[in-house]
Amino acid sequence: MFVSGHTFIKYQKESQIGTTKVLREERLQEANHSSVKIKDEYYVDDTENIIICTFDIYNGQESGVAFFQKQENGSYQFIASCWGPKNNLLVDTYDDYIVFYLDQPNITSVELTFIPEKGDSWTETYETTGVLWIKRPHSKTNYSYSIETKFFDVNGDTYEG
């Protein structure tokens with residue numbers, strides 16, 4: 001009786017991993033080996049298949065971005081995370097998305113300049129609150145490219161990455 005009850009509880013817990021913000025924090029803590037507090041969560045697209053979480057690591061000096069992908073049972077599985085010193089630009093990719101995150105107050109927009117190995121560069125501007133995710137620009141170039149970033153705050157100050 002005890003064994004079957006323990007197995008049921010374990011199954012219930014495993015099947016619910018990532019269904020709530022608290023459980024996603026637990027997964028981040030396991031992955032980062034540190035205390036983590038999720039600040040914000042964003043659905044990458046209308047299908048709600050991918051959640052991006054911004055988080056603080058409790059040492060107070062670092063922040064990060066994590067990806068969770070929706071599973072068939074409705075839970076969100078931890079995929080990847082990146083973190084670094086607060087106020088630094090973090091960039092990570094997952095699937096067809098590029099994520100830019102600057103943990104800086106009052107960010108209102110970001111300007112991205114795409115510079116392909118061959119061909120003309122182009123610039124796109126996005127309104128944001130410091131977190132921006134875009135689809136990789138496969139359609140404009142078949143070559144690899146670099147990206148220059150500029151974040152603008154409400155005072156007109158610029159943070160470059």
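Residues numbered from 1 in each chain as written. Predicted model: local features only at pLDDT ≥ 70, side-chain atom pairs only at ≥ 80, totals over all residues. Heavy atoms only, no water.

Visitor: Help me understand the overall build of the protein chain in this model?
Guide: Along its length, the protein chain carries two helices and eleven strands. Counting from the amino terminus, the protein chain carries its helices and strands in the arrangement α-α-β-β-β-β-β-β-β-β-β-β-β. Classification of the 161 residues of the protein chain by burial places 37% in the buried group. (Helix = DSSP H or I, 4+ residues; strand = E, 2+ residues; numbered from the N terminus. Buried < 20%, exposed > 50% of the residue type's maximum accessible area, 1.4 Å probe, protein only.)

Visitor: Looking at this structure, I do not really get the pattern of salt bridges. What am I missing?
Guide: Where charged atoms from two side chains of opposite charge approach closely, those side chains can pair. Applying the stated criterion to the full structure yields six salt bridges. Of the charged contacts, one joins Glu30 and Arg27 as a salt bridge, the two residues approaching to 2.6 Å between their closest N and O atoms. Placement of both Glu30 and Arg27 in helix α2 (residues 21-32) is noted, with a separation of three residues, approximately one turn of the helix. Glu30 gets classed as partly exposed once you look at its relative accessible area, which sits at 48%. With a relative accessible area of 23%, Arg27 lands in the partly exposed category. A salt bridge links Lys39 to Asp103; the shortest N-O distance between them is 2.9 Å. One end of the pair, Lys39, is in strand β1 (residues 36-43); the other, Asp103, is in the loop between β6 (97-102) and β7 (107-116), and 64 residues separate them in sequence. By relative accessible area, which is 28% here, Lys39 ends up partly exposed. Residues joined by salt bridges that share partners form a network here, namely Lys39, Asp56, Lys86 and Asp103. (Salt bridge = Lys/Arg side-chain N within 4 Å of Asp/Glu carboxyl O.)

Visitor: How should I be thinking about the packing of aromatic side chains in this particular structure?
Guide: When we look at a pair of aromatic rings, we describe it by the centre distance and by the angle of the planes. Inspection of every chain in the model, using the stated rule, returns five aromatic pairs. Ring centres 5.4 Å apart and planes at 55° place the aromatic pair Tyr42 and Trp133 in the tilted group. You can see Tyr42 sitting in strand β1 and its partner Trp133 sitting in strand β9 (residues 131-135), a full 91 residues away along the chain. Judged by its relative accessible area of 23%, Trp133 falls in the partly exposed class. When the centroid spacing of 5.1 Å and the interplanar angle of 15° are considered together, the rings of Phe114 and Trp122 count as stacked. Ring pairing ties together the aromatic residues Phe114, Trp122 and Tyr145, which thus form one cluster. (Phe/Tyr/Trp six-rings, centres within 6.5 Å; stacked < 30°, edge-to-face > 60°.)

Visitor: Help me out: how do you make sense of the sheet that holds strand β5 (residues 89-94) in this one?
Guide: Strand-to-strand pairing in sheets goes through backbone hydrogen bonds, with the strands running parallel or antiparallel. In space, the three strands of this open sheet follow the order β5-β6-β9, with antiparallel pairing throughout. With one partner strand each, in any of the chains shown, β5 and β9 form the two edges of the open sheet. Along the sheet, successive strands turn relative to each other by an average axial angle of 15°, direction set aside. Looking at chain direction, β5 and β6 are connected through six bridges and run antiparallel. If you follow Leu89 over to β6, its bridge partner there is Leu102. (Pairing = 2+ DSSP bridges. Axes fitted to C-alpha atoms, helices over the stretch in contact; angles between N-to-C directions.)

Visitor: What exactly am I supposed to notice about α2 here?
Guide: Helical geometry note: an α-helix holds 3.6 residues per turn, so side chains three or four residues apart project in the same direction. With twelve residues, α2 ought to run about 16 Å at 1.5 Å a step, and its terminal C-alpha atoms sit 16 Å apart, in line with that. Those residues of α2 that sit buried are Leu23, Arg24, Glu25, Leu28 and Asn32. Buried-residue contacts for α2 involve β1, β2 (50-57), β3 (62-70) and β4 (76-85). His33 occupies a position one or two residues after α2 and carries a positive phi of about 55°. (Expected span 1.5 Å × (residues − 1). Contact = heavy atoms within 4.5 Å.)

Visitor: Looking at this model, I keep getting lost on the sheet that holds strand β8 (residues 122-127). Mind explaining?
Guide: A sheet is described by the order of its strands in space; here four strands give the open sequence β8-β7-β10-β11, paired in antiparallel fashion. A single partner strand is all that each edge strand has here, and the edge strands are β8 and β11 (158-160). For this sheet the average axis-to-axis angle between neighbouring strands, irrespective of direction, equals 20°. In this sheet, β11 lies alongside strand β10 (residues 145-153) in antiparallel orientation, the contact comprising three bridges. Bridge pairing in β11 links Lys150 to Glu160.

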